[in-house]
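Read off the chains here:
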Amino acid sequence: MTKQPLTLYLAAPRGFCAGVDRAIKIVELAIAKWGAPVYVRHEIVHNKYVVDTLRAQGAVFVEELDECPDDRPVIFSAHGVPKSVPRAAQARKMTFVDATCPLVSKVHIEAERHSENGLQMVMIGHTGHPETVGTMGQLPDGEVLLVETVADVAKIEPRDPTRLAFITQTTLSVDDTADIVAALHARFPAIIGPHKEDICYATTNRQAAVKEIAGRIEALLVIGAPNSSNSKRLVEVGRAQGCQYAQLIQRAADIDWRALEGATAIGLTAGASAPEILINEVIEAFEDRYDLTREIVETAIENVEFKVPRVLRTQA
Ligand code: SF4
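Residues numbered from 1 in each chain as written. Predicted model: local features only at pLDDT ≥ 70, side-chain atom pairs only at ≥ 80, totals over all residues. Heavy atoms only, no water.

**Digging into the domain arrangement of the protein**
No. 1: Split into domains, the protein comes out as domain 1 (4–16 + 201–298), domain 2 (18–101) and domain 3 (103–187).
No. 2: Its C-alpha centre places domain 1 at a distance of 31 Å from the equivalent point of domain 3.
No. 3: Contacts between domain 1 and domain 3 engage 10 residues on the former and 11 residues on the latter.
No. 4: Carbon and sulfur atoms make up 48% of the area that domain 1 and domain 3 hide from each other, which totals about 720 Å².
No. 5: Contact with domain 3 buries surface across domain 1, with T203, S229 and R233 losing the most and accounting together for 47% of the total.
No. 6: For the interface between domain 1 and domain 3, the tally reads 1 salt bridge.
No. 7: Notably, a salt bridge pairs D175 with K211, separated by 2.9 Å at the nearest N-O pair.
No. 8: Viewed at the interface, domain 3 and domain 1 are joined by 7 residue pairs in polar contact (both at pLDDT 80 or more). (Domains from an automatic or database assignment. Contact = heavy atoms within 4.5 Å. Buried area = accessible area lost by both parts, 1.4 Å probe. Salt bridge = Lys/Arg side-chain N within 4 Å of Asp/Glu carboxyl O. Polar contact = N/O pair within 3.5 Å; in protein donor to acceptor, adjacent residues only side chain to side chain.)

**Concerning the environment of K196**
No. 1: Among the secondary structure elements, K196 is positioned in the loop between helix 7 (174–187) and helix 8 (201–214).
No. 2: For the pair K196 and A178, spaced 18 residues apart in the sequence, the C-alpha separation amounts to 9.9 Å. (Helix = DSSP H or I, 4+ residues; strand = E, 2+ residues; numbered from the N terminus.)

**Examining the sheet that holds strand 10 (residues 245–249)**
No. 1: In space, the 5 strands of this open sheet follow the order 10-9-11-1-12, with parallel pairing throughout. If you trace the sheet from one side to the other, it starts and ends with strand 10 and strand 12 (290–298), each paired once. Averaged over neighbouring strand pairs, the angle between their axes works out to 25 degrees when direction is ignored.
No. 2: Strand direction decides the pairing type here: strand 9 (residues 219–223) and strand 10, joined by 5 bridges, are parallel. Within strand 10, the residue paired with V222 across the bridge is L248. (Pairing = 2+ DSSP bridges. Axes fitted to C-alpha atoms, helices over the stretch in contact; angles between N-to-C directions.)

**Quick word on the side chain of S229**
No. 1: Within the element layout of this structure, S229 appears in helix 9 (residues 229–240).
No. 2: For S229, a relative accessible area of 5% translates into the label buried.
No. 3: A polar contact of 3.1 Å, which involves the side chain of S229, links it to the side chain of T171.
No. 4: Ignoring anything within four residues of it in the chain, the contact list for S229 reads H126, H129, Q169 and T171. (Buried < 20%, exposed > 50% of the residue type's maximum accessible area, 1.4 Å probe, protein only.)

**Topic: helix 8**
Residues lying three or four places apart along an α-helix face the same way, a consequence of the helix completing one turn every 3.6 residues.
No. 1: Between the first and last C-alpha of helix 8 there are 20 Å, a value that for 14 residues agrees with the 20 Å anticipated at 1.5 Å per step.
No. 2: By the burial criterion, the buried members of helix 8 are A202, T203, N205, R206, Q207, A209, V210, I213 and A214.
No. 3: Structurally, helix 8 contributes buried residues whose contacts are with strand 1 (4–12), helix 7, strand 9, helix 9, strand 11 (265–270) and strand 12. (Expected span 1.5 Å × (residues − 1).)

**Considerations on the packing of aromatic side chains**
No. 1: Applying the stated criterion across every chain, the model contains 4 aromatic pairs.
No. 2: Centre to centre, the rings of W257 and F286 are 4.9 Å apart; their planes meet at 70 degrees, and the pair counts as edge-to-face. Here W257 is found in the loop between strand 10 and strand 11, whereas its partner F286 is found in helix 10 (residues 276–289), with 29 residues between them in sequence. No difference in accessibility class separates W257 from F286, as the two residues are buried.
No. 3: Through successive ring pairs, a cluster of aromatic residues spans W257, F286 and Y290. (Phe/Tyr/Trp six-rings, centres within 6.5 Å; stacked < 30°, edge-to-face > 60°.)

**Quick word on the site of the ligand**
No. 1: In the neighbourhood of the ligand, the contacting residues comprise C17, G19, V20, C101, L103, V104, T170, T171, C200, Y201 and A272.
No. 2: For the shell around the ligand, the secondary-structure elements that each account for two or more residues are helix 1 (18–34) and helix 4 (102–116).
No. 3: In terms of domain composition, the shell around the ligand takes at least three residues from each of domain 2 (18–101) and domain 3 (103–187). (Near = heavy atom within 4 Å.)

**What about the sheet that holds strand 8 (residues 164–168)?**
No. 1: An order of 7-6-8 is seen for the 3 strands of this open sheet, with the pairing classed as parallel. With one partner strand each, in any of the chains shown, strand 7 (144–147) and strand 8 form the two edges of the open sheet. Sheet twist, expressed as the average angle between the axes of neighbouring strands with direction ignored, equals 25 degrees.
No. 2: Relative to strand 8, strand 6 (residues 120–124) runs parallel, the two being bridged by 5 bridges. Bridged to Q120 within strand 8 is L164.
No. 3: Contacts from helix 7 reach strand 6, strand 7 and strand 8, with the element oriented near 150 degrees to strand 6.

Dropping the structure here:
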């Protein structure tokens, strides 16, 4: 049977970012240094394939520190943790390594600095996401007001509307965040913010690449986990750019081939926690079914790299 022609537009950059790469290395090096089991508080990054692979090497994933024994090392995930977590680990004299992405740690430091200067913080982020919980947990309860939407801006009741600063989650939609920031400035003209919001380079670049391909495609597939914030934002960006069929998939088996019937141009990208092996798997699945032409659409070149913590460097 002759295969139908199809062009697969591959967004670049896509997939792993420097923070995810570093977090995974930290777990691997910790297992090499201390042996299994090494405990990891929360999924090290939001990807089932990555978590399953590390679990097979000896990582044990738990949600709370209480679930870890005192005498085994524990790693804190790339999303960051509230201050209370390392404090509790120290009190129990545990060995722990913080795999918080340095770009998230930068936001933690910003929040602390503003708070020391007497400003109350507003955080733009998603309720319950571990990064939001971790960032808000850098300061005492009540010091950080969370807003998720433009409508939320009207609802917050700061202590002093003239003494405010804002920070953001790193994996938000660039466009939605700009609207929320504009609403904050309109209601609180004195509010202080970062020069550019705290959305990280990887989130920004992946969204820009989707915008670039959206006009050329009939459907967009985003490889990522259902709990991965930056992956879900890529689906939203695709839809906002007019791509009616934009779908999150975890791997090739999730592709709804019927929904793609008749399409001649499809876009493919991956969230920052999705490994290249899953991207290749999806490309191969397309190759099996179609007379495939690959088009790489590169909108940025990334060369960011983060060092692993000193305690693990001898293993690197
Ligand atoms: Fe760090 Fe951005 Fe990657 Fe999150 S998405 S781990 S903030 S580089």
